[in-house]
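# Survey of secondary and tertiary structure
Below are the chains, spelled out letter by letter.
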Amino acid sequence: MNNKSYTFAIVLITSLFFFWGFIHNLDPILIAHLRSAFSLSHLQASLIDSAVFVAYFVMAIPAGLILKKYGYKTGILIGLLLFAIGCFLFVPAANTMSYLFFLSSLFILACGITILETAANPYMTVLGDPAKATQRLNFAQSFNGLASFVAPYVGGYVILANPPLSHEEVAALEETQRIAYIQAETALVKGPYIVLGCIILLAALLFLLIKLPEVKEKGTAKSGFLHAFKRKNVSWAVFAQFFYVGAQVSVLSFIIVFATEVAGIKAFDAKDYAAIAGLLFMIGRFVGTFLMRYILPSKLLFIYGAISAVLTLAVIFSSGMMALYFLVAIAFFMSIMFPTIFALGVEDTGADTKSASSLIIMSIVGGAVLPPLFGYISDSTGHMQYGYFVVFVCFLVVMLFAVKNKSKAVETAAS
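Since the model is a prediction, treat every value here as computed from it, not as a measurement.

## Considerations on the overall build of the protein
- Scanning the protein for helices and strands turns up 19 helices and 0 strands.
- Residues counted as buried form 57% of the 415 residues belonging to the protein.
- Within the protein, residue pairs in contact and separated by at least 24 positions form 85% of the contacts whose partners lie at least 6 positions apart.
- In the structure as shown, the protein presents an accessible area of about 16200 Å², 69% of it carried by carbon and sulfur atoms.

## Some remarks on the packing of helix α7 (residues 133-159) against helix α16 (residues 337-346)
- Running from N to C, α7 and α16 cross one another at 150 degrees; their axes reach a closest spacing of 9 Å. For the pair α7 and α16, the crossing hand works out as right-handed. Contacts between α7 and α16 involve Thr 134, Leu 137, Asn 138 and Gln 141 from the former and Phe 338, Pro 339, Thr 340, Phe 342 and Ala 343 from the latter.
- Residue classes in the contact of α7 with α16 are distributed as 5 nonpolar, 4 polar and no charged.

## Describing the nonpolar core
- If you look at the biggest cluster of nonpolar residues, it comprises 140 residues, and the most contacted ones within it are Phe 83, Phe 207 and Tyr 388.
- Those residues in contact with Phe 207 that lie beyond four places of it in its chain are Leu 12, Ile 13, Leu 16, Lys 73, Ile 76, Leu 77, Leu 80 and Leu 212.

## Let's talk about a nonpolar patch on the surface
- On the surface, Phe 302, Ile 303, Ile 307 and Val 403 cluster together to form a nonpolar patch covering roughly 280 Å² of accessible area.
- No other element matches helix α14 (residues 297-317), which puts 3 residues into the nonpolar patch.
- Using a relative accessible area of 34% as the deciding quantity, one classes Ile 303 as partly exposed.

## Some words on the confidence of the model for the protein
- Considering every residue of the protein, the mean pLDDT works out to 82; 88% of them sit at 70 or more.
- Scored below 50 in pLDDT, residues 409-415 makes 1 contact in the model with residues more than four places away or belonging to other chains.

## Details of unusual backbone geometry
- Positive phi, normally seen in glycine, also occurs at Met 97, with a value near 55 degrees.
- Counting through the fold element by element, Met 97 comes out in the loop between α5 (90-96) and α6 (99-126).

## Some remarks on the environment of Ala 94
- Within the secondary structure layout, Ala 94 lies in helix α5.
- Accessibility expressed as a relative area gives 4% for Ala 94, which makes it buried.
- Here the alpha-carbon distance between Ala 94 and Gln 183, two residues 89 residues apart in the chain, equals 7.3 Å.
- Here Ala 94 is in contact with Phe 102, Thr 186, Ala 187 and Lys 190, once residues within four sequence places are set aside.

## Brief notes about the packing of helix α3 (residues 42-70) against helix α18 (residues 366-381)
- Here α3 crosses α18 at 175 degrees, and the two axes come no closer than 7 Å. Taken as axis vectors, α3 and α18 run roughly antiparallel relative to one another. Contacts between α3 and α18 involve His 42, Leu 43, Ser 46, Asp 49, Ser 50, Phe 53 and Val 54 from the first element and Gly 367, Ala 368, Pro 371, Pro 372, Gly 375, Tyr 376, Ser 378 and Asp 379 from the second.
- Looking at the contact of α3 with α18 residue by residue, the class counts come to 7 nonpolar, 6 polar and 2 charged.

## Some details on the packing of aromatic side chains
- Tallied over the entire structure, the rule returns 20 aromatic pairs.
- Judged by centre distance (5.2 Å) and plane angle (65 degrees), the ring pair of Phe 239 and Phe 243 falls under edge-to-face. Separated by 4 residues within a single helix, Phe 239 and Phe 243 lie in helix α11 (residues 232-252), roughly one turn from each other.
- When its relative accessible area of 38% is taken as the criterion, Phe 239 is described as partly exposed.
- Between Phe 290 and Tyr 294 the ring centres are 5.5 Å apart and the planes differ by 65 degrees, which places this aromatic pair in the edge-to-face class.
- Overall, the relative accessible area of 60% leaves Tyr 294 in the exposed class.
- An aromatic cluster is defined as three or more aromatic residues linked by ring pairs; in this entry it consists of Trp 236, Phe 239, Phe 242 and Phe 243.

## Here we look at the side chain of Thr 289
- Structurally, Thr 289 is set in helix α13 (residues 267-291).
- Every residue in contact with Thr 289, bar those within four places of it in the chain, is listed here: Gln 135, Asn 138, Phe 139 and Ser 142.

## Looking at α7
- Given a rise of 1.5 Å per residue, 27 residues ought to cover 39 Å, and the 38 Å separating the end C-alpha atoms of α7 matches this to within 8%.
- Along its length, α7 shows its largest kink, about 30 degrees, at Val 150, and proline Pro 152 lies within four residues downstream of that point.

## Focus on the environment of Gly 284
- If you trace the backbone, Gly 284 turns up in helix α13.
- C-alpha of Gly 284 to C-alpha of Met 334: the two residues are 50 residues apart in sequence and 7.9 Å apart in space.
- Once you skip the residues sitting within four places of it in the chain, Gly 284 turns out to touch Tyr 304, Phe 332, Ser 335 and Ile 336.

## Details of the environment of Thr 7
- With respect to the element layout, Thr 7 can be found in helix α1 (residues 3-24).
- Its relative accessible area of 47% is what places Thr 7 among the partly exposed residues.

## Topic: the state of the cysteines
- Within the structure shown, the criterion is met by 0 disulfides.
- You can see Cys 87 has no disulfide; the closest cysteine sulfur is in Cys 198, sitting 9.3 Å from it.

So, how was this worked out
- Residues numbered from 1 in each chain as written.
- Predicted model: local features only at pLDDT ≥ 70, side-chain atom pairs only at ≥ 80, totals over all residues.
- Heavy atoms only, no water.
- Helix = DSSP H or I, 4+ residues; strand = E, 2+ residues; numbered from the N terminus.
- Buried < 20%, exposed > 50% of the residue type's maximum accessible area, 1.4 Å probe, protein only.
- Contact = heavy atoms within 4.5 Å.
- Areas by Shrake-Rupley, 256 points an atom, 1.4 Å probe, with all protein chains shown as cover.
- Axes fitted to C-alpha atoms, helices over the stretch in contact; angles between N-to-C directions.
- Left-handed = near helix turned anticlockwise from the far one by under 90°.
- Nonpolar A, V, L, I, M, F, W, Y, C, P; charged D, E, K, R; others polar.
- Core = buried A, V, L, I, M, F, W, Y, C linked by side-chain atoms within 4.5 Å.
- Patch = residues over 30% accessible without salt bridge, like charges linked within 9 Å, V, L, I, M, F, W, Y side chains within 5 Å.
- Salt bridge = Lys/Arg side-chain N within 4 Å of Asp/Glu carboxyl O.
- pLDDT = per-residue confidence, 0-100.
- Parallel < 35°, antiparallel > 145°, perpendicular 65-115°, else oblique.
- Phe/Tyr/Trp six-rings, centres within 6.5 Å; stacked < 30°, edge-to-face > 60°.
- Expected span 1.5 Å × (residues − 1).
- Bend = angle between axes of the 7 residues up to and from the residue.
- Disulfide = S-S within 2.5 Å.

Below, the structure is given as structure tokens:
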């Protein structure tokens, strides 16, 4: 394919990063909102993230099989359709006032996103110069960061326009008043998801009508889907990505709850801090993409991981607004972690690229496993900040992965 074909494909695929970034960054709004509507504990509220991220574990390998058999374009179309269906299911979920229905809708939506991520991440690394694959993926992921800045404002103004009642205030309502309150609160989430579902359907139509270059990876495919797991960079990337995503979800999804409980800010005003975190997340990726021209990606990953770990300790042992400022600052430094771990993980995997992608995407299930542990520690200790010890450990694992890949890069340079 010529350079123009690659450029057009890169532009289209980059748009997908914005779409799933937007939906993921509505989760903090959804957690704060449904936590009030259904009087949820931290652990119960964390199931919103679990419903999303367990889909990565369930769908990653089927997504990889779809890509291997039918190619990137078909995978993207299937992913977009499931994405849209999940969005539209928020309507009956709100009408029935069922928390379980909301979780089921999120799961189906996330199954679509899983297929999209399994296709888009490796596709971005193989479209163009292999030497710039990590930079290219970080750039595309920067639009995921843009979505993390936009989503809290959009979702906040629509969903959190009316200050939610506290658990005590909801419990004090009469039964008919309580049902009416839940009905009104759950109805507020329908609009954003209907609009997003329609946009996703339009995107699917566009992808159906255009022609995408189907890149053939070099090398001969090995027997067995899990063969890619035998590559050390893939297995380490799966391990690191599991912990990183657990950290990202615990940091970004609970910013609004943290701001209200630790810093004493109203939920509607707290959305601004979620948006600022999203802005820093986006800027961090653009800055990281630029710095990778001069700094080895694995070295930059280690530096960012170390700073994130220090900031997490500051979140745990400080209080009030200072703790919130430290929490928001983490977003900048964890910004490059997902795409850098992914790109280093699929590097030099050849015909195993799609399988490697599936395995690394599967490890995103860390976003389903670790936030409930975060919530459990917060609930059992009665101190939300103690839950961030989980995040601290996660950043230590990211640093270990960076060290392992730095050693690999040195060996490659020496050979």
